[in-house]
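The lines below spell out each chain.
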Amino acid sequence: MARGDSRQNQIARAIVWLRAHYARDCRIDEMADVARMSRSTFHAHFKAVTAMSPLEFRTQLRMQEARRLMVAEGMDAASAGYRVGYESPSQFSRDYVRLFGVPPGRDAGRLRETAGVAH
């Protein structure tokens, strides 16, 4: 059982906070403060627990939510990108392609078709 002050518990606290604040620009220092760790300790332990950096984790959260918005709610790619915290549709699209391998509009259309969702 993890102790309340364990590194895993501290990282879990930061993950919960990041899930609630993924759409805003947050600095590593802010996440480290939530975890009650130094910046370098936080970064190392976060990566050990999640296999990705805190910013990569935030990008994953953003992309999953944007994908959900486009598929389930029929939102266009630019609007979904803005909703999840991107200021630039082109940066959103680049990150999306990097993660999912296809442009957001094409991916959402394919997923809607596969799921039988009409939008």
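Residues numbered from 1 in each chain as written. Predicted model: local features only at pLDDT ≥ 70, side-chain atom pairs only at ≥ 80, totals over all residues. Heavy atoms only, no water.

Comments concerning the pattern of salt bridges
Put simply, the rule is: We define a salt bridge as a side-chain nitrogen of Lys or Arg found within 4 Å of a carboxyl oxygen belonging to Asp or Glu. The cut-offs for exposure are 20% and 50% of the maximum accessible area for each residue type, with area from a 1.4 Å probe on protein chains only; residues under the lower value are buried, those over the upper are exposed, and the others partly exposed. Runs of H or I in DSSP of at least four residues are treated as helices and runs of E of at least two as strands, each being numbered from the N terminus.
Within this structure, the stated rule accounts for nine salt bridges. Of the charged contacts, one joins Arg24 and Glu30 as a salt bridge, the two residues approaching to 2.7 Å between their closest N and O atoms. According to the relative accessible area criterion, Arg24 is partly exposed, its value standing at 34%. The shortest N-O distance in the salt bridge between Asp107 and Arg110 comes to 2.6 Å. Pair noted here: Asp107 and Arg110 are both in helix α7 (residues 104-115), with a separation of three residues, about one helical turn.

So, the packing of aromatic side chains
Heads up, the rule is: By convention, a stacked pair of Phe, Tyr or Trp rings (six-membered ring in the case of Trp) has centres within 6.5 Å and planes under 30 degrees apart, an edge-to-face pair has planes over 60 apart, and any other such pair is tilted.
Applying the stated criterion to the full structure yields five aromatic pairs. Judged by centre distance (5.4 Å) and plane angle (55°), the rings of Phe42 and Phe46 are tilted. Of this pair, Phe42 and Phe46 both sit in helix α3 (residues 39-50), four residues apart, which is roughly one turn of that helix. Each member of the pair, Phe42 as well as Phe46, carries the same accessibility label: buried.

With respect to the nonpolar core
Filter applied, for reference: The nonpolar core is taken to be a set of buried Ala, Val, Leu, Ile, Met, Phe, Trp, Tyr and Cys residues, with the residues joined through side-chain atoms within 4.5 Å. Two residues qualify as a contact provided that any one of their heavy atoms is within 4.5 Å of a heavy atom in the partner residue.
Core analysis: the biggest nonpolar cluster contains 31 residues, and Leu18, Met31, Phe42, Phe46, Phe57 and Phe92 have the highest contact counts within it. The set of elements that each furnish at least two residues to this core consists of α1 (7-21), α2 (28-35), α3, α4 (54-72) and α6 (89-100). For this core, the element with the highest residue contribution is α4, accounting for seven residues. Beyond its immediate chain neighbours, meaning those up to four positions away, Phe57 contacts Ile15, Leu18, Arg19, Phe46, Thr50 and Met52.

Section: the environment of Gln10
Structurally, the position occupied by Gln10 is in helix α1. Judged by relative accessible area, which is 8%, Gln10 ranks as buried. Expressed as a C-alpha distance, the spacing of Gln10 and His45, which sit 35 residues apart in the sequence, is 9.3 Å.

Quick look at α2
Residues lying three or four places apart along an α-helix face the same way, a consequence of the helix completing one turn every 3.6 residues. Just so we agree on the cut-off: An arc is given here, and it is the one of the directions from the helix axis to the C-beta atoms.
Residues Ile28, Met31, Ala32, Val34 and Ala35 constitute the buried set of α2. For α2, the arc enclosing every buried residue in end-on projection is 155°, short of the 170-degree limit, so these residues lie on one face. Considering only its buried residues, α2 is in contact with α1, α3 and α4. Directly beyond the C-terminal end of α2, a positive phi value near 60° is found at Arg36.

Quick look at the side chain of Asp95
Formally: Any N or O atom pair separated by 3.5 Å or less is treated as a polar contact, with the protein-specific requirement of one donor-capable and one acceptor-capable atom, and with residues adjacent in sequence counted only for side-chain atom pairs.
Inspection of the secondary structure assignment puts Asp95 in helix α6. Within the structure, the side chain of Asp95 is placed 2.6 Å from the side chain of Tyr86, a separation counted as a polar contact. Sequence-distant contacts of Asp95, defined by excluding residues within four places in its chain, comprise Thr59, Met63 and Tyr86.

Here we look at α7
Defined as follows: Here a helix's expected span is defined as the number of its residues, less one, multiplied by 1.5 Å.
For α7, which comprises 12 residues, the first-to-last C-alpha distance of 16 Å matches the rise-based estimate of 16 Å (1.5 Å per residue) to within 8%. Those residues of α7 hidden inside the fold are in contact with α4, α5 (77-83) and α6. With its phi angle positive at about 70°, Gly116 sits one or two positions after the end of α7.

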